[in-house]
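In case you want the letters, here they are:
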Amino acid sequence: MRKKYTDSGIEIKRIYTPNDLSKAPPPEGFGEAGQFPFTRGIQADMYRGRLWTMRQYAGFSTAEESNKRYKYLLSQGVSGLSVAFDLPTQIGYDSDHALADGEVGKVGVAIDSLEDTENLFKDIRLQDISTSMTINATAFILLALYVALAKKQGADLSKLTGTIQNDILKEYAARGTYIYPPKPSMRIITDVFEWCSKELPKWNTISISGYHIREAGSTAVQEVAFTLSNGKAYVKAAMEKGLDINIFGKRLSFFFNAHNNLFEEVAKFRAARRMWAKIMKEAGATDEKAMMLRFHTQTGGSTLTSQQPLNNISRVTIQTLAAVLGGTQSLHTNGYDEALNLPTEEAAGIALRTQQIAAFESGIADTADPLGGSYFIETLTNKMEKEARKIMEKIDALGGSVTAIEQGFIQNEIAKSAYEYQRKIESGEKIIVGVNKFKNEKNILPPSFKIDDSIRLLQIQKLKSLKQKREKDKAIASLQTIKEKAISGENLMPAVIDAVENYCTLGEISNTLREVFGEYN
């Protein structure tokens, strides 16, 4: 009989019995949901008390166009917004920069200034929603813009809820939208930790991302190992700055991918939660809330196929089940057409309905950790933890995540896994329905949703108008203050908020810091 393996290469037995758990039981037993080490979930009643936050990742074209999509999604029952930004915004260029040509508004919304932010959230009260922003190198600027708008709306900053991704280490390892070298980037991140702990106590200051590591080709085991190693690096940097682990630890969150291998994905989430609780306890946390791994999940973009795209609805459904059975705190489900273009309104609607059907019709939310106690799931959870720890020990031996990235270790491991996975698809060893088996001669494509290049001209006109209207002297003085604080080592957040309130642009602020910190190559 041919052996079976998970996508991470863990062998799967024909059947599992109590003997499999008696050989290697978790030292803390099965435990309870809501109790250390939180294998079974971070709340005692999980979704019986409150469902996961249903987000839909959206952002395209101009702020005005994205605002229309947000209002549509809110009217359809989303409980939190998730903002996608275009590439120029992600790497600190205004829409009129030469390197922004051809990219403005394409993979997300173009945000150049507070004026754009005002239009993005027009008629949406920030105090009444939870907003997740997928942004890293310029996360502190987008947070400043959000705070400035909240202040204009009269919001109580202590009640603002949401998340900035703000995870620069995975950019060096897997994604590439970095600006500054690692050390100043880590300094900016800990400035955000420090400022938010005093001013935005309910805000998640970082979403440590395994999602993009997985999208780049890692296995599920590597996703856990590399993500938690990055988490350790952020904790170390914050503690070296003198921050209290019991305070900033509560505002750390994670962002994971959900793929199609259902049971491996469920085991991955359970193992990650248990591992992080132990890591934080060993680092000195005494408050259990600082040991809880809270995470957002997005269904796997790289699993979507352009061939027979309606099949992606089934894939997203399986991935939704994995995320919820694994205990996610919030979830974004991909549109079936995202291998081809930005999701159409119809595709985004179906993706949201997938979550709602799972929540209200399937019964999977009725009990905490429904698969807990399964001989297979518990054994697989233990094996996922064991294999992830082996990788983390290698990273620790190199000196931690920052050093492992600088030496190319993490990048090389991801590249090897990506190559091996693609090799299996091309050899037919791994079946992808509609791609290398069960193919149709005619591939009927759904209606497409594309952004044209006229958006850049519109953004350039808006930038010109903004610079003519604003008080030039105040803008110049604000940028000079940012430069001085970058040099002195003072916390940058107050100066950046002041700058955006004086309508300095994202590109101007990024360039001011480029002068001090340089760029990473």
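For the structure, see preceding data.
About the thresholds
- Residues numbered from 1 in each chain as written.
- Predicted model: local features only at pLDDT ≥ 70, side-chain atom pairs only at ≥ 80, totals over all residues.
- Heavy atoms only, no water.
- Helix = DSSP H or I, 4+ residues; strand = E, 2+ residues; numbered from the N terminus.
- Contact = heavy atoms within 4.5 Å.
- Polar contact = N/O pair within 3.5 Å; in protein donor to acceptor, adjacent residues only side chain to side chain.
- Buried < 20%, exposed > 50% of the residue type's maximum accessible area, 1.4 Å probe, protein only.
- Pairing = 2+ DSSP bridges.
- Right-handed = clockwise from strand over helix to strand, strands pointing away.
- Phe/Tyr/Trp six-rings, centres within 6.5 Å; stacked < 30°, edge-to-face > 60°.
- Lys NZ or Arg CZ within 6 Å of the ring centre and 35° of its normal.

A. Fine view of the environment of K430. Residue position: K430 is located in the loop between α16 (409-427) and α17 (454-469). Along the sequence, K430 and D7 sit 423 residues apart, while their C-alpha atoms lie 9.3 Å from each other. When sequence neighbours within four positions are dropped, the list of residues in contact with K430 reads D7, Y421, K424, I425 and N436. Here D7 takes part through its side chain, which lies 3.0 Å from a polar atom of the side chain of K430.

B. Geometry of the pairing of strand β10 (residues 295-299). Counting buried residues in β10 gives five out of five residues, a clear majority hidden from the surface. Residues F295, T297 and T299 point to one face of β10 and H296 and Q298 to the other, with burial holding for every one of them. Here five bridges tie strand β9 (residues 252-258) to β10, and the two strands are oriented parallel to one another. Following the sheet pairing, A258 is matched in β10 by T299. A crossover links β9 with its parallel partner β10, the connecting element being helix α11 (residues 262-283), and its sense is right-handed.

C. Here's a closer look at the packing of aromatic side chains. Summed over all chains, the structure comprises 18 aromatic pairs. Centre to centre, the rings of F256 and F295 are 5.7 Å apart; their planes meet at 70°, and the pair counts as edge-to-face. A residue pair is termed long-range when its members are at least 10 positions apart, and F256 in strand β9 and F295 in strand β10 qualify at 39 residues. What makes F256 buried here is its relative accessible area of 0%. Residue classification places F295 among the buried residues on the basis of a relative accessible area of 2%. Taken together, the ring pairs in this structure connect F254, F256, F269, W276 and F295 into an aromatic cluster. Its guanidinium or amino end placed over the ring of Y16, K13 lies 5.7 Å from that ring's centre, counting from NZ or CZ. Taking the ring centre of F36 as reference, the NZ or CZ of K281 above it sits at 4.4 Å.

D. Structural view of unusual backbone geometry. Between F36 and the following residue, P37, the backbone shows a cis peptide bond with an omega angle of 5°. With respect to the helices and strands, P37 occurs in the loop between α1 (18-23) and β3 (53-58). The backbone of M46 sits at a positive phi, close to 45°, despite the residue not being glycine. The residue M46 is located in the loop between α1 and β3 in this model. In this structure M46 comes out as buried when scored by relative accessible area, which is 4%. With a phi close to 65°, D123 is a non-glycine residue in the positive phi region.

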